[in-house]
Each structure stands twice: as structure tokens, then as C-alpha cells.
Amino acid sequence: MSELTKFDVIVIGAGPGGYVGAIRAAQLGFSVACVEDRTSLGGTCLNVGCIPSKAMLESSHRYHQVQHELADHGIEVGKVSLDLKKMINRKNSVVTAITKGVEFLFKKNKITWLRGWGKVESAHSVSVQSRNGEKKTYEAKHIIIASGSVPIELPFAPFDHKLIVDSTDALEFSRVPEHLIVVGAGVIGLELGSVWSRLGARVTFIEALPNILGNTDSELSTTMLRLFQKQGITFHMESMLKSVDTKNKVIARCTGKAEGTEIVGDKILIAIGRKPAILGLGLENVGVKMEKNGWLTVDDRFRSSVPSICAIGDAVRGPMLAHKAEEEGIAVAEFLAGKHGHVNYEAIPNVVYTWPEIATVGQSEEDLKSKGIAYRTGKFNFKANGRARAVGAVDGFVKILADAQTDRLLGVHILGPMASELIAEVAVAFEFGASAEDVARSVHAHPTLAEVIKEAALDVDKRAIHS
Ligand code: NAI
């Protein structure tokens, strides 16, 4: 069979935005190819992001629990030791299983994987250069850019991937660092800092802002900061990295509140944000416009300034989240098929997989105050919940912000055990435009952690039962 050179849709990038968009486009009857240069599908998220970090978070959590939490349950364990190599191999096998799964889905949906680097040559053609240097050009009615993002580098501390590391390197250390310095107390820094702290490293953060986790509701970020400090993690807030020496050790010097402090560590993880990965895609040649911060400019149907070229995910405005990219992948395919793609940006959950976890949907109290929106607050603590007591995870709370006039949910903020799973109920409630009373009147199974959400919703009307 001769190789196809013409497709209805060519997607550049097989991350959660690209591969999901490719599958949806194939379901809708398009002939689809997806260009991916990595040796496995799934992009940053499946290969070196969400999935491997969750595997390491799970393993390190268990290691920590066995040492520090089982005695409370009357379980005595002997000497606990760490086989880091095995832990990392397990993480790699999780990644292999999940990325092979995407390969299977491509075959099932008859999507052609064009292996190599994709470059837009014209409004309707894409060249693909394979790793052995061979270059072929393919035609497409529609091109979808789903090229993702890359870590931001500090110009005076470029990644050497040994001592100055990025998030990918921090999933693969060959031994537990004695002291890990982390620049940036955002989601990546806190998740990976948690992994290595649980595995025995001393961890020190350097953070520019007065709060961790950027725009998160400040009641959550302040509480979480205290809990991290209780876990033994050190924070230099309102401080920025000024210089790094890397002879054998890392010596970090700061400006701001930590000015004059010299922090000596084994490695320094730079986790100060990510930027759209758009270099080398040939987009400037065809006149695709971009915004100042590097995002590709798109309309509400994800069309760039060249209408046959669409863009989704981390390459365009909005939160850099895998599930946001997935929804945009589905929506763009549906628009191309003449359907009504839909992404509700008001109802996108945001999750931080630390311990406890943080999960939020909607606006923070600071957002509402700055917009002058009148709201009522309901709050309930996990320590008053039977299941949380039984599990032994009582830190945290659920806070619900509801419109003062209509009672409609405006923001739900969870800090607590399994917040990542609990938030699904809230996202559905947001999608349906629910009020706090709708949530309060829904029957929640007993005993479950989810009852904390119900009680917080009842508390909006000051009628929580267990407080
Ligand atoms: P981030 O934007 O979440 O946090 C970066 C932090 O670095 C901020 O607190 C910022 O104030 C600080 N910072 C910036 N420059 C600094 C400097 N020079 N010195 C000290 N502090 C500095 O970025 P992060 O953690 O790198 O994550 C990147 C993206 O990846 C995020 O948009 C995030 O949404 C996504 N992501 C999401 C995950 C999840 O949903 N669980 C997991 C991992 C990443």
C-alpha cells in the first residue's frame, strides 16, 4: 500500500491536546495524521510530566507513610529501605504502558503517526523531518498546532541537566539529593519538591512572591505553606535567585528577603513556569500571528490568523493544563466538522498533587473582591468528617463561594485528602450552573470525604450539621 501524502487534518504534536484532537477528528470521519518527534506518543504530560510525576508522588507517599504513619494504626514495620532505581523503573513502566495505549488508539482510529519534526511549509502543507534526516512533505486541508510548552530557563543559570535541572531531570535523579534547592514554589516545584522531601532530601524553596501557588485563593496557599513547613520544607519567600555557582555543589545566592543568604545544595531545580513551544515550526513564514508572551493568537474556534491553521493547548492563551488542552482538542475537531465545539473556561479544575492535595474550580476570594462581586462563604473542615478521621487525614477544608444574590457557585476550593478526585463533583456542578443549595441538597454517601463539600455548601446558608 502506498503511503498517504494528503490528509484532511494534520496535527502537530501528540500531547493531550494533539492526540485527543486527532482521535476526535478521526471519529468525525476525517483522515488524520499526527506528527510527533518523540519516540513515544503522549507529549510532555504522559512522558515527562503529569503521569510520571504522579507515579513518583504515589511511590514516595507510600515510602513516607510506611515510615511515619503505620505505627498509629498499630502496624509495626522493620527497617524500611529505598530502592530508588526500582521506583524509577516502575515510573518508567507506567509511562510505557500509557504511551503504548495511545499508540493503540491511533491504530484503532486509523491515525497515521508521522515520526519526526513537523514544520508548516504553507497554509496547507507540513514537512516532516525524521531523525535519520529524511524529509517529506504532506498536504492537509486543516493543520492543528498542538506543540505544547517548554520550561522557562534563567539566562544566568541555564540547565546543565546535572546540577541545574528542569522538571524532566527531577524525575530521574540516580540518588536522593542531600539538599535540593527549588526555584519557584508553583505547582511543578511543590510536586517534585514533595517527592524528594518524602524520599529524604532536605528541600529549600526560593520564591519571588509572598505566596506559594500564584493565584490560588490565599487562604489555601497560606494554610498549605504552613503544612509544607510542618513537613520540614524551607521557604525563602519574596526572594529571587541572583546567581548560581556549580563547581561540585550548587551555591545559590538571592536578591529580595533572602539577600545575603548563601544556599548550598546538591542540585537546583528551576521551576519558574513554562512557555509555548513554537520555535522551529515555521509559523512565522506563513504569517501566523502571535501575542507578546509567545502564545499563538486564535479566535473562539481556535483559528489562527491563517484560517486553515488552528492552535490549541499550551500554545494558546489560558491555563497550561492537560485537561484544558484535551477539551480544546475535542472542540477544534468538532468546529472543523461544522459542529459546535464547547470549552467552558469557567469550569476548569486546577489540581496540585501534594499532600494534602489542592483542587479548585472558579474564582478565589481575591478575584471576587477585586471585581466587587458580592458573595457568601461556606466552609467545612476535614477534621469534622468521619471518613477523614478513619483515614487519618484531617488537615484541610472545603471553602465554597456563592453569589450573594443568586446563590450560584462562583468558586470552590478544596485543600485536603483526595481533593483531586473530590473536585470532579464540583466541576460538574459548575457545568450545570448549580447553586450552593443544589450541592447542599444532593445526597452524599456516608461516610465519604465528599460529605465535606456538602457540609461546606450547607454552611453557605449557615446550616452545616456537623460544625
Ligand atoms: P508556575 O507558574 O506554577 O509557578 C512558577 C513559580 O515561580 C511562581 O510562583 C513564580 O512566582 C515563581 N518564580 C518565577 N520566577 C522566579 C524567580 N526568578 N525566582 C523565584 N521565583 C520565581 O510554574 P511551574 O510550576 O513551572 O508550572 C508550569 C506550568 O505547568 C503551570 O502553568 C502549570 O499549570 C503546569 N503544570 C500543572 C500541573 C498540574 O496541573 N498538577 C503539574 C505540573 C505543571
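Residues numbered from 1 in each chain as written. Predicted model: local features only at pLDDT ≥ 70, side-chain atom pairs only at ≥ 80, totals over all residues. Heavy atoms only, no water.

Visitor: Explanation requested: the environment of Thr-406 in the structure shown.
Guide: Note on placement: Thr-406 falls in the loop between β21 (397-403) and β22 (409-416). When its relative accessible area of 54% is taken as the criterion, Thr-406 is described as exposed. Separated by 31 residues in the primary sequence, Thr-406 and Tyr-375 have C-alpha atoms spaced 9.4 Å apart. (Helix = DSSP H or I, 4+ residues; strand = E, 2+ residues; numbered from the N terminus. Buried < 20%, exposed > 50% of the residue type's maximum accessible area, 1.4 Å probe, protein only.)

Visitor: Help me understand the sheet that holds strand β12 (residues 239-246) in this model?
Guide: Working definition: the strands of a sheet are paired by backbone hydrogen bonds and lie parallel or antiparallel to each other. Strands sit in the order β12-β13-β14 across an open sheet of three strands; the sheet is antiparallel. If you trace the sheet from one side to the other, it starts and ends with β12 and β14 (262-265), each paired once. Looking at each pair of strands side by side, their axes are set apart by 30° on average, direction ignored. One ladder, built from seven bridges, connects β12 with strand β13 (residues 250-256); its direction is antiparallel. Among the inter-strand pairings, Thr-246 is bridged to a residue of β13, identified as Val-250. (Pairing = 2+ DSSP bridges. Axes fitted to C-alpha atoms, helices over the stretch in contact; angles between N-to-C directions.)

Visitor: Would you mind going over the domain arrangement of the protein chain with me for this structure?
Guide: Many structure descriptions define interface size as the accessible area lost when the parts assemble. Per the domain assignment, the segments making up the protein chain are domain 1 (6-151 + 276-343), domain 2 (164-272) and domain 3 (347-460). Domain 2 and domain 3 are separated by 29 Å when their C-alpha centres are compared. Counting each side, the surface lost to burial between domain 2 and domain 3 is near 1,400 Å², with a carbon and sulfur contribution of 61%. Where domain 2 meets domain 3, there are three salt bridges. Where Asp-217 meets Lys-399, a salt bridge forms, and the shortest distance between an N and an O atom there is 2.8 Å. Inspection of the region where domain 2 meets domain 3 yields seven residue pairs in polar contact (both at pLDDT 80 or more). Ranked by residue count, the leading element in the side of domain 2 that touches domain 3 is helix α6 (residues 218-230), at seven residues. In the side of domain 2 that touches domain 3, the residues fall into seven nonpolar, six polar and four charged. (Domains from an automatic or database assignment. Buried area = accessible area lost by both parts, 1.4 Å probe. Salt bridge = Lys/Arg side-chain N within 4 Å of Asp/Glu carboxyl O. Polar contact = N/O pair within 3.5 Å; in protein donor to acceptor, adjacent residues only side chain to side chain. Nonpolar A, V, L, I, M, F, W, Y, C, P; charged D, E, K, R; others polar.)

Visitor: Explain the packing of helix α1 (residues 16-27) against helix α4 (residues 84-108) to me, please; I cannot follow it from the model alone.
Guide: Here α1 crosses α4 at 25°, and the two axes come no closer than 10 Å. Relative to α4, α1 is oriented roughly parallel. In this structure, the crossing between α1 and α4 has a hand that is left-handed. Residues Tyr-19, Ala-22 and Ile-23 of α1 lie in contact with α4, whose contacting residues are Val-102, Leu-105 and Phe-106. Counted by class, the contact of α1 with α4 contains six nonpolar, no polar and no charged residues. (Parallel < 35°, antiparallel > 145°, perpendicular 65-115°, else oblique. Left-handed = near helix turned anticlockwise from the far one by under 90°. Contact = heavy atoms within 4.5 Å.)

Visitor: How should I be thinking about the site of the ligand in this particular structure?
Guide: Around the ligand sit 21 residues in total, of which Ile-188, Glu-191, Glu-207, Gly-273 and Val-351 are the nearest. Taken by itself the ligand offers 850 Å² of open surface, and the protein chains cover 78% of this. Of all elements in the fold, only α5 (187-198) and β12 reach the threshold of two or more residues within the shell around the ligand. In terms of residue class, the shell around the ligand is made up of 14 nonpolar, four polar and three charged. (Near = heavy atom within 4 Å. Areas by Shrake-Rupley, 256 points an atom, 1.4 Å probe, with all protein chains shown as cover.)

Visitor: Just checking my understanding: could you explain the packing of aromatic side chains for this structure?
Guide: Each aromatic ring pair is summarised here by two numbers: the centre-to-centre distance and the angle between the ring planes. Per the counting criterion, the structure on display carries five aromatic pairs. A ring pair is formed by Phe-7 and Tyr-138, whose centres lie 6.3 Å apart and whose planes are at 45°; its orientation type is tilted. On the criterion of sequence distance, the pair formed by Phe-7 in strand β1 (residues 6-12) and Tyr-138 in strand β6 (residues 135-145) is long-range, its members being 131 residues apart. Each member of the pair, Phe-7 as well as Tyr-138, carries the same accessibility label: buried. (Phe/Tyr/Trp six-rings, centres within 6.5 Å; stacked < 30°, edge-to-face > 60°.)

Visitor: What should I look at first to understand the packing of helix α3 (residues 50-68) against α4 in this one?
Guide: Helix packing geometry: the angle between the two helix axes and the distance between the axes. Running from N to C, α3 and α4 cross one another at 140°; their axes reach a closest spacing of 9 Å. Between α3 and α4, the angle is such that the two are oblique. Our pair here, α3 against α4, has a crossing hand that is right-handed. Mapping the contact onto sequence places Ile-51, Pro-52, Ala-55, Met-56, Ser-59 and Ser-60 in α3 and Leu-84, Met-87, Ile-88, Arg-90, Lys-91, Val-94, Val-95 and Ile-98 in α4.

Visitor: Please explain the side chain of Thr-99 as it appears in this structure.
Guide: Relative to the helices and strands, Thr-99 is located in helix α4. Excluding its chain neighbours within four sequence positions, the residues that come into contact with Thr-99 are Ser-40, Leu-41, Leu-46 and Asn-47.

Visitor: Is there a simple way to explain the pairing of strand β19 (residues 357-362) in this structure?
Guide: Two faces, one strand: in a regular strand the side chains alternate between the faces of the sheet. Where burial is concerned, most of β19 is hidden: five out of the six residues are buried. Where strand β18 (residues 350-352) and β19 come together, three bridges link them in antiparallel fashion. Looking across to β19, one finds that Val-352 is bridged to Ile-358. The antiparallel hairpin formed by β18 and β19 contains four residues in its connecting segment. Pairing between β19 and β22: six bridges, direction antiparallel. Bridge assignment links Ala-359 to a residue of β22, and that residue is Ile-414.

Visitor: Help me out: how do you make sense of the nonpolar core in this one?
Guide: Met-56, Leu-190, Trp-196, Phe-205, Ile-212, Phe-235 and Leu-269 are the most contacted members of the largest nonpolar core, which has 38 residues in total. Elements with a minimum of two residues in this core: α3, α4, β9 (179-183), α5, β10 (202-206) and α6. Sort the elements by how many residues they give to this core and α6 lands first, with five residues. Aside from chain neighbours lying at most four places away, what touches Phe-205 is Val-182, Gly-184, Ala-185, Gly-189, Leu-190, Gly-193, Ile-233, Thr-234, Phe-235 and His-236. Counting residues in hydrophobic clusters, the runner-up holds 33 residues, among them Val-361, Leu-409, Ala-427 and Ala-429. (Core = buried A, V, L, I, M, F, W, Y, C linked by side-chain atoms within 4.5 Å.)

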